[in-house]
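What the coordinates show
Listed here are the chains, written in short residue letters.
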Amino acid sequence: MGLRWLWRHRVSALLAVLVIFLLLTLLATRSLQNNRTHGLRPTADRRNQRKAAEKHTPIPHQPAKHTPTARAERQRAHPPVVFLKTHRTGGSTVQNILFRLGERESSTFAFPYRTYQFNYPDRFRVAFVDELPEGSSQFDLLCSHMRLDLPQVRKVMPQNTVFITLLRDPIKTFESVFRYHTSTVPAFFSAHRAAASEGKPALKVFLDSPETFWDPKEPGNGLAKNPMSFDMGLNNQKWNGSWPEDLALLEEAFHLVMIAEHFDESLVLLGALLGLEHEDLAYLRLNARAGNSVTELDENIRAKVRSWNVLDTLLYDFFVQVFWEKAAQYGLERLKAEAAQLRDSTENIRRKCVSRAAVPPAELEDLLRPRQTESVTIVGYEVRGNLSLQDQGFCVRMMLPELQYHSHLYFKQYGRDMRAAPAD
Ligand SMILES: *[C@@H]1O[C@H](CO)[C@@H](O)[C@H](O)[C@H]1NC(C)=O
Ligand SMILES: *[C@@H]1O[C@H](CO)[C@@H](O)[C@H](O)[C@H]1NC(C)=O
């Protein structure tokens with residue numbers, strides 16, 4: 001059976017290969033079709049499964065056995081999620097966790113029709129959402145920037161959607177919003193200009209007389225006062241009789257309001273809510289500023305920030321209290337222990353993945369370079385070079401900046417590039 005034999009039977013051999021190839025193609029097509037009808041049909045089934053899963057294990061005490069099927073079933077059992085990504089609170093880090101979760105499960109994302117934000121700073125509207133992709137029966141995840149409008153979001157998402165968000169100490173949040181959004185928020189921009197001509201620190205100039213820079217009718221000034229209240233759709237300009245009622249509605253709507261100052265504890269509660277494991281919750285702090293882009297605040301400035309953002313202070317204090325109530329329900333000791341475990345496993349994953357942290361943008365490859373603004377430097381991570389292909393996939397995703405990950409997922413879902421912002 002040497003070369004000569006092969007040469008003599010070349011036509012038969014070619015034909016045989018062709019037949020096998022055709023058979024395989026046929027099989028692959030059929031199994032794809034099955035998958036597709038399978039994906040379309042079982043909305044009701046899936047919902048019931050989810051309901052059953054929720055009823056039986058609202059907060060699982062013990063992680064399920066790590067058999068591949070148990071893991072897959074449990075993970076598919078988590079409900080749809082809306083994450084309200086508030087500005088400069090650590091939201092990019094949580095969004096990255098959800099991006100990874102959604103990608104692994106081939107979830108359908110409710111993406112903005114244009115860019116990576118839902119027409120911010122307008123209030124969210126159904127019309128801002130891109131179409132349901134072919135083959136999907138519902139949106140599973142919504143986690144792009146928006147200004148919340150609950151009834152509108154509810155029209156887009158299934159009924160059993162879990163709502164989560166993240167709040168941060170309002171003083172730190174405002175300091176960060178002020179530094180980061182200098183060129184996009186007109187009130188901040190004029191304060192910076194005035195400060196530059198006077199040779200004074202911009203934040204001090206702004207806080208000494210905020211009303212001279214802040215035009216409440218200018219839509220771009222949403223973040224200039226009580227930015228977290230603004231993102232949550234509350235009246236962020238001044239307290240009035242409707243405020244407590246609106247806050248109560250938010251408390252009712254949100255299953256979990258995470259607190260940046262207790263980030264690991266927040267993630268443990270998130271994991272319990274969605275049935276996630278510590279590996280799913282491992283994270284790197286994303287979109288963080290370089291040390292020299294953070295302003296140190298003295299007590300005098302802190303007091304002024306607090307009083308300018310008094311509604312954010314109310315909002316934050318209220319949800320910190322709600323957070324500790326949830327924590328008490330979960331069990332404080334258990335929460336503390338699991339947060340410590342999460343920190344350990346996250347630290348191991350970081351050691352495995354990251355060769356260098358807080359890397360200046362100029363030293364990062366395009367894929368891993370976070371978006372910069374004129375006023376701040378955003379640092380990133382360098383991935384280790386000696387990882388297996390699979391680990392590399394995991395590690396790179398964990399450090400992928402928002403824009404890059406958003407475009408990647410958008411392309412995966414629609415087979416086309418994200419639309420740009422309309423030209424003015
Ligand atoms: C409070 O302000 C909001 C938004 O400006 C307004 O819709 C609402 O009617 C006001 N409520 C009261 C009680 O004044
Ligand atoms: C990769 O390199 C780091 C540091 O040199 C080392 O600690 C780690 O064990 C290596 N990992 C693999 C998978 O070889």
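Quantities reported herein were computed from a predicted structural model and do not represent experimental measurements.

1. With respect to the overall build of the protein
- Summing up its helical and strand segments, the protein has 19 helices and six strands in all.
- Residues classed as buried in the protein amount to 48% of the 424 residues present.
- At a minimum sequence separation of 6, the contacts of the protein that also span at least 24 residues come to 76%.
- When the accessible surface of the protein is split by element, carbon and sulfur atoms take 56% of a total near 22300 Å².

2. Considering the state of the cysteines
- For the structure shown, the criterion picks out one disulfide.
- Linked covalently through their sulfurs, C353 and C395 form a disulfide whose S-S length is 2.0 Å. When the S-S torsion is -65 degrees, as for the bridge of C353 with C395, the disulfide is left-handed. With C353 in helix α17 (residues 332-353) and C395 in helix α18 (residues 389-399), the pair connects residues that are 42 residues apart, well separated along the chain.
- With relative accessibility at 0%, the residue C353 sits in the buried group.

3. Some remarks on the site of ligand 1
- Inspection of the region around ligand 1 gives N235, N240 and S242 as its neighbouring residues.
- Residue N235 places a side-chain N or O atom 3.3 Å away from an oxygen atom belonging to ligand 1.
- For ligand 1, an oxygen atom lies 2.3 Å from a polar atom in the side chain of N240.
- In the complex, the protein chains occlude 32% of the 360 Å² of accessible area that ligand 1 would expose alone.

4. Topic: the pattern of salt bridges
- Under the counting rule described, the total for this entry stands at 20 salt bridges.
- Residue R302 is joined to E299 by a salt bridge in which the shortest nitrogen-to-oxygen separation is 3.5 Å. Of this pair, R302 and E299 both sit in helix α15 (residues 299-308), three residues apart, which is roughly one turn of the helix.
- Between R334 and E338 there is a salt bridge whose closest N-O contact spans 3.5 Å. On the criterion of helical spacing, the pair formed by R334 and E338 is a turn pair, its members being four residues apart in helix α17.
- Among the ionic contacts, a cluster of salt bridges with common partners joins D130, E131, R416 and R419.

5. Some points on the sheet that holds strand β1 (residues 81-84)
- Spatially, β2-β1-β3-β4 is the arrangement adopted by the four strands of the open sheet, whose pairing is parallel. Each edge of the open sheet is held by one strand with a lone partner, namely β2 (141-142) and β4 (256-259).
- Contacting β1, β3 (162-167) and β4, helix α13 (residues 263-274) crosses the sheet at an angle of about 155 degrees to β4.
- Strands in contact with helix α16 (residues 310-330) are β3 and β4; relative to β4, the strand with the most contacts, it is inclined by about 105 degrees.

6. Focus: the pairing of β4
- By the alternation rule, side chains of β4 split into L256 and M258 and V257 and I259, which are all buried.
- Inspection of the sheet shows β3 paired to β4 by four bridges, in the parallel sense. For L166, the partnering residue across the bridge sits in β4 and is M258.

7. Remarks on the side chain of S144
- Within the element layout of this structure, S144 appears in the loop between β2 and α6 (150-156).
- Judged by its relative accessible area of 1%, S144 is buried.
- Here the side chain of S144 touches H406 through a polar contact of 3.1 Å, side chain to side chain.
- If we skip the residues at most four places from it in the chain, S144 touches Q95, A110, F111, P112, Y116, F118 and H406.

8. Comments concerning the packing of aromatic side chains
- By the definition in use, this model includes 20 aromatic pairs.
- Ring plane angle 10 degrees and centroid distance 5.2 Å describe the contact between F109 and F111, whose orientation is recorded as stacked. Here F109 matches F111 in class, with each residue buried.
- Among the aromatic residues, those joined into a ring-pair cluster are F174, F178, F188, F206, F213, W214 and W308.
- Its guanidinium or amino end placed over the ring of Y283, R350 lies 5.0 Å from that ring's centre, counting from NZ or CZ.
- When the ring centre of Y113 is taken as reference, the NZ or CZ atom of R419 above it lies at 3.7 Å.

9. Let's talk about the nonpolar core
- By size, the foremost hydrophobic cluster in this structure holds 85 residues, and its most contacted members are L98, M146, I164, L167, F254, M258 and L315.
- In terms of residues, this core owes the most to one element, α16, which gives nine residues.
- With sequence-adjacent residues up to four places away left out, F254 is seen in contact with L84, L148, F163, I164, T165, M232 and K326.
- Of all hydrophobic cores here, the second largest spans 25 residues; its members include V185, A194, V205 and F206.

10. Describing unusual backbone geometry
- Note that the residue after Y120, namely P121, is joined by a cis bond; omega there is 5 degrees.
- Along the chain, the position of P121 falls in the loop between α5 (91-104) and β2.

11. What to know about α16
- For α16, with 21 residues, the first-to-last C-alpha span of 30 Å sits near the 30 Å given by 1.5 Å per residue.
- Burial in α16 covers these residues: L311, D312, T313, L315, Y316, F319, V320, V322, F323, A327 and Y330.
- Looking one or two places after α16, you find G331, whose phi comes out positive at around 110 degrees.

12. Remarks on the environment of M146
- Counting through the fold element by element, M146 comes out in the loop between β2 and α6.
- For M146, a relative accessible area of 0% puts it in the buried group.
- Excluding residues within four positions of it along the chain, M146 makes contact with V82, L84, F118, Y120, F124, V153 and D231.

Conventions adopted
- Residues numbered from 1 in each chain as written.
- Chains lettered and ligands numbered in written order.
- Predicted model: local features only at pLDDT ≥ 70, side-chain atom pairs only at ≥ 80, totals over all residues.
- Heavy atoms only, no water.
- Helix = DSSP H or I, 4+ residues; strand = E, 2+ residues; numbered from the N terminus.
- Buried < 20%, exposed > 50% of the residue type's maximum accessible area, 1.4 Å probe, protein only.
- Contact = heavy atoms within 4.5 Å.
- Areas by Shrake-Rupley, 256 points an atom, 1.4 Å probe, with all protein chains shown as cover.
- Disulfide = S-S within 2.5 Å.
- Near = heavy atom within 4 Å.
- Polar contact = N/O pair within 3.5 Å; in protein donor to acceptor, adjacent residues only side chain to side chain.
- Salt bridge = Lys/Arg side-chain N within 4 Å of Asp/Glu carboxyl O.
- Pairing = 2+ DSSP bridges.
- Axes fitted to C-alpha atoms, helices over the stretch in contact; angles between N-to-C directions.
- Phe/Tyr/Trp six-rings, centres within 6.5 Å; stacked < 30°, edge-to-face > 60°.
- Lys NZ or Arg CZ within 6 Å of the ring centre and 35° of its normal.
- Core = buried A, V, L, I, M, F, W, Y, C linked by side-chain atoms within 4.5 Å.
- Expected span 1.5 Å × (residues − 1).

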